[in-house]
Amino acid sequence: MSKTVFMEHTAQIIDGKIVSNRVLGEIASQTASMATPPGLAVILVGDDPASHVYVANKIKACAKAGIRSIEHRLPATSTNEDIAAVIDALNSDTSVNGILLQLPLPRGLDEDNLVQRIAPEKDVDGLTIPNIGKLVAGLDGLVPCTPQGSMLLIREALNKTSPSLQGGGKGEGLKDIDLSGKNAVVIGRSLLFGKPMAQLLLAANATVTTAHSKTQNLDEVCRSADILVAAVGRPKMVKGNWIKPGAIVIDVGINRLDTGKLCGDVDFDDAVKVAGAITPVPGGVGPMTIACLMANTLKATK
Ligand code: NAP
């Protein structure tokens, strides 16, 4: 008598390290033929340990992508005027193509105004009002890095095989993503991630819902999603039974547990049994953010 064996479903794991290395390679092949390599200036104020780690990773990615890295390290005691003076000098320096002000700034500094002081054409984080306006208007501009990277991971889950850096009005590599007929849910509405992510999904023809802390019946809302994006900052909040079977799940959250381990906003072990494709934390969206920073620097140079 034959025995029926039920295999447990396991989602495709979308490996952000592989995709980000591919993007960095595509950038390197373009910068190799440029007479002067693009220059990316990073302004790091104070001693936030996480920021120092990010900046070290950015320097490594610059080396892989053939981008010249310029660092300005300022003490935590710097004033708004000190930082503004560095931004102004970089804005008018023609050898600098991209400027990144590493956030968060030490308490008491005027983050919002300092970010807006960056020349929009050098704003590789895509956070100045002109770049946000272009994103909403569907015009070509610099798109925030983490949402851009998340879209490239959705593209990966859809098995697009062409290079990621095709350019186009919706940001590098986003032109050939078509989510017509798909429901997308983004949990989180920050300016840094949730809002631009919703715009990119909309530009790709998805029907988009943005959920937040005041959303009722969040689990039900999530179950309607063919594409579920979580950017909340709450460890393992999204459970397996919140996920529509076969959905693409993009986990943006980075949370440190008491054990010292990192985890996302999605309960990965639970979700992997239901989703069609899912990003891990670490090794999913994180590496894509830095790769897209390099892509934006190349775009700003062009
Ligand atoms: P944020 O500014 O704190 O925004 C969090 C959002 O989550 C808010 O819109 C908030 O709603 C919503 N929220 C909070 N509690 C909720 C709940 N119980 N149910 C539903 N929504 C809830 O954070 P962020 O900057 O967008 O970042 C979110 C996460 O992504 C963090 O873990 C961050 O570390 C991570 N992140 C990762 C990368 C990367 O490179 N991988 C980049 C950026 C951010 P309200 O607006 O109603 O308060």
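Residues numbered from 1 in each chain as written. Predicted model: local features only at pLDDT ≥ 70, side-chain atom pairs only at ≥ 80, totals over all residues. Heavy atoms only, no water.

Draft legend 1. How the structure looks around the overall build of the chain. Helix and strand counts for the chain stand at ten helices and eleven strands. Relative to the globule expectation of 19 Å for 302 residues, the C-alpha radius of gyration of the chain, 20 Å, shows essentially globular dimensions. Looking at the chain as a whole, 48% of its 302 residues qualify as buried. For the chain, contacts bridging at least 24 residues in sequence account for 69% of all contacts bridging at least 6. (Helix = DSSP H or I, 4+ residues; strand = E, 2+ residues; numbered from the N terminus. Rg over C-alpha atoms; globule rule 2.2 N^0.38 Å. Buried < 20%, exposed > 50% of the residue type's maximum accessible area, 1.4 Å probe, protein only. Contact = heavy atoms within 4.5 Å.)

Draft legend 2. Highlighting the site of the ligand. In the neighbourhood of the ligand, 20 residues make up the surrounding shell, with Arg 189, Ser 190, Ser 213, Ile 254 and Thr 289 lying closest. Between the ligand and Arg 189 there is a distance of 2.8 Å, counted from an oxygen atom to a side-chain nitrogen or oxygen. Within the contact set of the ligand, an oxygen atom lies 2.5 Å away from a side-chain nitrogen or oxygen of Ser 213. Protein chains bury 70% of the 930 Å² of accessible surface belonging to the ligand in isolation. Among the elements that take part in the shell around the ligand, helix 10 (residues 285–301) stands out by supplying three residues, more than any other. Of the residues belonging to the shell around the ligand, the class tally is nine nonpolar, nine polar and two charged. (Near = heavy atom within 4 Å. Polar contact = N/O pair within 3.5 Å; in protein donor to acceptor, adjacent residues only side chain to side chain. Areas by Shrake-Rupley, 256 points an atom, 1.4 Å probe, with all protein chains shown as cover. Nonpolar A, V, L, I, M, F, W, Y, C, P; charged D, E, K, R; others polar.)

Draft legend 3. Representation of the sheet that holds strand 3 (residues 68–74) in the model. Taken together, the three strands give an open sheet; going across it, the order is 3-2-4, and neighbouring strands pair in parallel fashion. The two strands at the open ends of the sheet, each matched to only one other strand, are strand 3 and strand 4 (98–101). The sheet shows a mean angle of 15° between the axes of neighbouring strands, direction not considered. Strand direction decides the pairing type here: strand 2 (residues 39–45) and strand 4, joined by four bridges, are parallel. The residue of strand 4 that forms the bridge with Val 42 is Leu 100. (Pairing = 2+ DSSP bridges. Axes fitted to C-alpha atoms, helices over the stretch in contact; angles between N-to-C directions.)

Draft legend 4. Seen up close, the environment of Pro 196. Positionally, Pro 196 belongs in helix 7 (residues 194–203). Given a relative accessible area of 6%, Pro 196 falls into the buried group. Non-local contacts of Pro 196, meaning those with residues more than four positions away in its chain, are made with Leu 135, Pro 144, Pro 147, Ser 190 and Leu 191.

Draft legend 5. Representation of the nonpolar core in the model. In this structure, Ile 27, Met 151, Ile 154, Leu 201, Val 229, Ile 250 and Met 294 are the most contacted members of the largest nonpolar core, which totals 50 residues. It is helix 10 that provides the largest number of residues to this core, a total of nine residues. If you count residues domain by domain, this core takes at least three from each of domain 1 (35–119) and domain 2 (145–286). Ranked by size, the runner-up nonpolar core spans 20 residues in total, among them Ala 225, Val 249, Val 266 and Ala 275. (Core = buried A, V, L, I, M, F, W, Y, C linked by side-chain atoms within 4.5 Å. Domains from an automatic or database assignment.)

Draft legend 6. Here's a closer look at the sheet that holds strand 8 (residues 248–251). Across the sheet, six strands lie side by side as 1-11-8-7-5-6; this open sheet has parallel pairing. In this open sheet, the two edge strands, each paired with only one partner strand, are strand 1 (12–13) and strand 6 (207–211). With two bridges joining them, strand 1 and strand 11 (residues 277–278) adopt parallel strand pairing. Note on strand 11: the bridge partner recorded for Gln 12 is Ala 277. On the sheet, helix 6 (residues 145–157) packs against strand 1, strand 7 (227–230), strand 8 and strand 11 and is oriented at approximately 150° with respect to strand 8.

Draft legend 7. Highlighting the domain arrangement of the chain. Under the domain assignment, the chain is made up of domain 1 (35–119) and domain 2 (145–286). Computed over C-alpha atoms only, the centres of domain 1 and domain 2 are separated by 28 Å.

Draft legend 8. Region of the structure containing helix 3 (residues 80–91). Helix length check: helix 3, at twelve residues, gives a terminal C-alpha distance of 16 Å against a target of 16 Å (1.5 Å per residue), a fit within 8%. Of the positions making up helix 3, those classed as buried are Ile 83, Ala 84, Val 86, Ile 87 and Leu 90. One side of helix 3 carries all its buried residues, which in axial view fall inside an arc of 160°. The inward-facing, buried residues of helix 3 abut strand 2, strand 3, strand 4 and helix 4 (111–117). (Expected span 1.5 Å × (residues − 1). Arc of directions from axis to C-beta.)

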